[in-house]
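Tertiary structure, described
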Amino acid sequence: MKYSTSMFHWILASELATSGFALALGSVLLLAPEDARADVSGANCQIYTVLAMKTGDGSIPPDLEFIGDQLRDDGFAAFKGFRLLESRALELKLGATGVADMSSGHRLQLTLLGAEQTRLKLRATLQAGDKKLVDTDYKIEDAGILLLGGVRHPDGKIFFAIQCRGVL
């Protein structure tokens, strides 16, 4: 089954694992792997693990202000506190898969499929143990941010913010 949809500011995907979400900041398109063409040689990605908590004063910490508008959005209204748990850099080569084993126990795999004008084409796979929570191909503006997750945690929910910049 192939999905191709363009949305601005965010996209809400179907339930991931038992209850979750996938949000994207910027313009995102889901695509089929055969649609990718190479305009970049690599990408430098930053992966942030964020805990959204039901308790807190509602403020956004300075280290998460880069996604502050989205954390204030209705999609996060149930959460009153946010904490950055981890940040990882991942360098991708065109067509190769980079793997980030996060301290939360999740594994995030990213593959740079190519680029089209100002958009990067990537594949993201998020796993918890042997269970795949997310496996999707997407297009996003260079340096755009994709939010994946909604994974249960004793203090709230964990999500991952992924930001990649293309390298020529």
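Predicted model, so just to flag it, every value in this text is computed and none were measured.

**A closer look at the environment of A52**
- Tracing the backbone through its elements, the reader meets A52 in strand β4 (residues 42-53).
- A52 gets classed as buried once you look at its relative accessible area, which sits at 1%.
- Put simply, A52 and R83 are 31 residues apart on the chain and 6.8 Å apart in space, counted from C-alpha to C-alpha.
- If near-sequence neighbours (up to four positions away) are discounted, A52 is found in contact with F79, G81, F82, D155, G156, K157 and F159.

**Notes on the pairing of β4**
- Most of β4 sits inside the fold, with 10 of its 12 residues counted as buried.
- Taken together, the 12 bridges between β4 and strand β5 (residues 81-93) define a ladder with antiparallel strand orientation. Residue pairing in the sheet places L51 in a bridge with R83 of β5.
- Summarising the sheet, β4 and strand β11 (residues 156-167) pair through 12 bridges and their orientation is antiparallel. Residue Y48 lies in a different strand from β11, and its bridge partner there is A161.

**Points about the environment of D137**
- By secondary structure assignment, the location of D137 is in strand β9 (residues 131-141).
- Given a relative accessible area of 9%, D137 falls into the buried group.
- There is a polar contact of 2.6 Å between the side chain of D137 and the side chain of R123.

**Some words on the pattern of salt bridges**
- On inspection of all chains with the given rule, the structure shows 9 salt bridges.
- Its salt-bridge partner being R88, residue E86 comes within 3.0 Å of it at the nearest N-O pair.
- A relative accessible area of 31% means that R88 is categorised as partly exposed.
- With a closest N to O distance of 2.9 Å, K139 and E116 form a salt bridge. With K139 in strand β9 and E116 in strand β7 (residues 106-116), this pair connects stretches of sequence that are 23 residues apart.
- K139 gets classed as buried once you look at its relative accessible area, which sits at 9%.
- Within the structure, one salt-bridge network assembled from shared partners comprises E65, D69 and R72.

What counts and how
- Residues numbered from 1 in each chain as written.
- Predicted model: local features only at pLDDT ≥ 70, side-chain atom pairs only at ≥ 80, totals over all residues.
- Heavy atoms only, no water.
- Helix = DSSP H or I, 4+ residues; strand = E, 2+ residues; numbered from the N terminus.
- Buried < 20%, exposed > 50% of the residue type's maximum accessible area, 1.4 Å probe, protein only.
- Contact = heavy atoms within 4.5 Å.
- Pairing = 2+ DSSP bridges.
- Polar contact = N/O pair within 3.5 Å; in protein donor to acceptor, adjacent residues only side chain to side chain.
- Salt bridge = Lys/Arg side-chain N within 4 Å of Asp/Glu carboxyl O.

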